Amino acid sequence: MPKNIVKYLLISISSILLFFLIYISFNAEFRRSTMTYVIGGYKTYQIISIKSALNENRINDATKKLLNFIKISELLSSGKSNFLLVIYDAAKLVESKISTENDYLLLDQVFQKLIEKDPNLYQAQIWLAKTSIIKKQEDKAFDYINKAIAISPSQAGAYRLALALSQKTKDKDSDKV
């Protein structure tokens, strides 16, 4: 008797799964709405997961989750997508909670990935300039600052960072910027 119940249960589950796959294969609207809800749910889960790591002051875990989020987004989409906006917002949130230079350096790889996806992200260029300053790579920092200025010449953040870096390196009359 129990063998029959298991047999019927497996046949029922297999039939339902097969019906679902056939239905999703032929109904484009259902497939599109299903994928929209699944991807939206995944984005929400990632943001909540990153926020919970930040609430417990685990910057390292938040960075790992951001890198995983980037990797999964690369699998699900190619090039620029709406994933990039969510990842950018999550990176901005994590960056705002950083209190030490070591924590800032943990995010360097995330900033690099953001620039790979979209080199025209002004704030990501500024973040990379700051990590270069922490690493004592002033020439790279000036390069990132110049890229940020080229992206948005009206924003004052890049100029302030360049001035602070010039004063720090005692290179006030430099033509690097």
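What counts and what doesn't
- Residues numbered from 1 in each chain as written.
- Predicted model: local features only at pLDDT ≥ 70, side-chain atom pairs only at ≥ 80, totals over all residues.
- Heavy atoms only, no water.
- Helix = DSSP H or I, 4+ residues; strand = E, 2+ residues; numbered from the N terminus.
- Rg over C-alpha atoms; globule rule 2.2 N^0.38 Å.
- Buried < 20%, exposed > 50% of the residue type's maximum accessible area, 1.4 Å probe, protein only.
- Contact = heavy atoms within 4.5 Å.
- Lys, Arg positive; Asp, Glu negative; His and termini not counted.
- Charge placed at Lys NZ, Arg CZ, Asp CG, Glu CD.
- Axes fitted to C-alpha atoms, helices over the stretch in contact; angles between N-to-C directions.
- Parallel < 35°, antiparallel > 145°, perpendicular 65-115°, else oblique.
- Left-handed = near helix turned anticlockwise from the far one by under 90°.
- Nonpolar A, V, L, I, M, F, W, Y, C, P; charged D, E, K, R; others polar.
- Phe/Tyr/Trp six-rings, centres within 6.5 Å; stacked < 30°, edge-to-face > 60°.
- Lys NZ or Arg CZ within 6 Å of the ring centre and 35° of its normal.
- Core = buried A, V, L, I, M, F, W, Y, C linked by side-chain atoms within 4.5 Å.
- Salt bridge = Lys/Arg side-chain N within 4 Å of Asp/Glu carboxyl O.

Enquirer: Any chance you could explain the overall build of the protein here in plain terms?
Expert: For the protein, the count of helices and strands is nine helices and zero strands. Reading the secondary structure of the protein in the N-to-C direction produces α-α-α-α-α-α-α-α-α. Taking 2.2 N^0.38 as the reference for a compact globule, 177 residues should give roughly 16 Å; the C-alpha atoms of the protein span a radius of gyration of 23 Å, well beyond that estimate. Looking at the protein residue by residue over its 177 residues, the buried ones come to 34%. Of the contacts made within the protein by residues no fewer than 6 positions apart, 55% connect residues no fewer than 24 positions apart. Once the 25 positive and 17 negative side-chain charges of the protein are each reduced to a mean point, those two points are 9 Å apart.

Enquirer: Please explain the packing of helix α8 (residues 138–151) against helix α9 (residues 157–168) as it appears in this structure.
Expert: Helices that pack against each other are described as a pair by the angle of their axes relative to one another and the distance between those axes. Viewed as axis vectors pointing N to C, α8 and α9 meet at an angle of 160°, and their least axial separation amounts to 9 Å. Between α8 and α9, the angle falls in the class roughly antiparallel. Considering only the axes of α8 and α9, their crossing is left-handed. Here α8 contributes E138, A141, F142, I145, A148 and I149 to the contact with α9, which in turn contributes A158, Y159, L161, A162, L165 and S166. In the contact of α8 with α9, the residues fall into ten nonpolar, one polar and one charged.

Enquirer: I tried to follow the packing of aromatic side chains on my own but got confused; where do I start?
Expert: For any two aromatic rings, the description comes down to two numbers: the centre-to-centre distance and the angle of the planes. For the structure on display, the rule yields eight aromatic pairs. Taking 5.7 Å as the distance between ring centres and 70° as the angle between the ring planes, the aromatic pair formed by Y42 and F69 counts as edge-to-face. Residue Y42 is found in helix α2 (residues 28–55), and its partner F69 is found in helix α3 (residues 59–76); the two are separated by 27 residues along the sequence. Look at F69 and F83: their rings are 6.1 Å apart centre to centre, the planes differ by 80°, and that puts the pair in the edge-to-face class. In this pair, F69 is assigned in helix α3 and F83 in helix α4 (residues 82–96), connecting sequence segments 14 residues apart. Here a set of aromatic residues connected by ring pairs shows up, and it is made of F19, F20, Y23 and F30. Looking at K43, its charged tip hangs above the ring of F83, at a distance of 4.9 Å from the centre.

Enquirer: I'm lost on the nonpolar core in this one. Help?
Expert: Across soluble globular proteins, nonpolar side chains have a tendency to be buried as a group. Counting residues in each nonpolar core, the largest one holds 43 residues, and the members touching the most others are L66, L114, W127 and I145. If you list the elements that add at least two residues to this core, you get α2, α3, α4, α6 (108–117), α7 (122–134), α8 and α9. Look past the residues within four positions of L66 in its chain and what remains in contact with it is I50, I87, A90, A91, V94, L107 and V110.

Enquirer: Whenever I open this one, the pattern of salt bridges confuses me. Can you help?
Expert: When charged atoms on two side chains of opposite charge get close, those side chains can pair. According to the stated counting rule, one finds four salt bridges in the structure shown. With a closest N to O distance of 3.6 Å, R32 and E29 form a salt bridge. Taken together, the residues R32 and E29, both in helix α2 and three residues apart, mark about one turn of the helix. Several salt bridges converge on common partners, so that one network encompasses E56, R58 and D61.

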